[in-house]
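# Architecture at a glance
One-letter residues, chain by chain:
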Amino acid sequence: MTETTTTRTPALTGERADLLEQLGKARFFLRFTAKELTDAQAATRSTVSELCVGGLIKHVTGVEQAWAGFILEGPSAMPDFTAMTEEDFARRRDGFELLSGETLAGVLADYAETARRTDELVATLPDLDAAHPLPKAPWFDGDAQWSARRVLLHIIAETAQHAGHADIIREALDGAKSMG
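As the structure is a computational prediction, the values presented were derived from the model and not from experiment. Counting restarts for each chain: residues are numbered from 1 in the order of the written sequence. In view of the model being predicted, local features appear only for residues whose pLDDT reaches at least 70, and side-chain atom pairs are presented and counted only at 80 or more, with totals across whole chains, interfaces and linings using the full set of residues. Values reported for side chains reflect all heavy atoms of the structure, with hydrogen atoms and water molecules removed beforehand.

Attention now goes to the overall build of the protein chain. The secondary structure content of the protein chain amounts to six helices and two strands. Counted from the first residue to the last, the protein chain has its helices and strands arranged as α-α-α-α-α-β-β-α. Each residue gets one of three labels from its accessible area relative to the maximum for its type: buried under 20%, exposed over 50%, partly exposed in between, using a 1.4 Å probe on protein chains only. Among the 180 residues that make up the protein chain, the fraction classed as buried is 37%. Only heavy atoms matter for contacts: two residues are in contact if any of them lie within 4.5 Å across the pair. Restricting the contact set of the protein chain to residue pairs at least 6 apart, pairs at least 24 apart contribute 75%. The accessible surface values rely on the Shrake-Rupley method and a 1.4 Å probe; as for residues, cover is taken only from the protein chains in view. By element, 53% of the accessible surface of the protein chain is carried by carbon and sulfur atoms, the whole surface being about 10400 Å². Secondary structure follows DSSP: runs of H or I at least 4 residues long count as helices, runs of E at least 2 residues long count as strands, and numbering of each begins at the N terminus.

With that out of the way, let us pick up the packing of aromatic side chains. Each aromatic ring pair is summarised here by two numbers: the centre-to-centre distance and the angle between the ring planes. Two rings from Phe, Tyr or Trp (for Trp, the six-membered ring) form a pair when their centres are within 6.5 Å of each other. A pair whose planes differ by under 30 degrees is stacked, one over 60 is edge-to-face, and the rest are tilted. Applying the stated criterion across every chain yields a total of eight aromatic pairs. Here W67 and F70 contribute two aromatic rings whose centre-to-centre distance is 5.2 Å and whose plane-to-plane angle is 75 degrees, an arrangement assigned as edge-to-face. Taken together, the residues span about one helical turn, with W67 and F70 both in helix α3 (residues 53-73) at a distance of three residues. Each member of the aromatic cluster is reached from another via a ring pair, and the members are W67, F70, F81, W139, F140 and W146. The ring of W146 has R150 lying over it, and the distance from NZ or CZ to the ring centre is 4.1 Å. Think of it as a cone above the ring: NZ of Lys or CZ of Arg counts as a charge over the ring if it is within 6 Å of the ring centre and within 35 degrees of the ring normal.

With respect to the element layout, T33 can be found in the loop between α1 (14-32) and α2 (39-42). Beyond its immediate sequence surroundings of up to four residues, T33 is in contact with V53, A163, A166, D167, R170 and S178.

Another aspect to go through is helix α6 (residues 148-174). Multiplying 1.5 Å by the helix residue count minus one yields the expected span of that helix. Here α6 spans 39 Å end to end across 27 residues, near enough to the 39 Å set by a 1.5 Å rise per residue. G175 occupies a position one or two residues after α6 and carries a positive phi of about 85 degrees.

Below, the structure written as structure tokens:
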């Protein structure tokens, strides 16, 4: 019999556990809106907005990836929004759609992997106070900096907001409600 040893990450407590718990709840509600949807339903715009459930999950995945990159690398991990072209904005809009060839299962798998990596980052980051200047964007104050903590709060807020959007879209699709 061979003996194997595994290294386990100790259970998180305190602030990091609280942040991940809140993020986990918001992620759950977002994923739950997609439960038992077909790819066609996940791509359907059921309200006057341009949003669909699959596109929202895809968008939140990209947002979480970008902000996790910002925590590690600073503003160089994100685009300069002040220099974006019409083509850049068109690609950005594609991030809100479930495009031809994309599947809900694939988008959900990408989201699960992104969540796993973000959770690992939160667990292993040496300092939640580490901060970087924000990327260039018309909606950010020119001299503002965000700490890793502030970025995580932003990811939580963004995920919760879009989970609410997805809930409305899902209810308009088939009457199902994920949040009550």
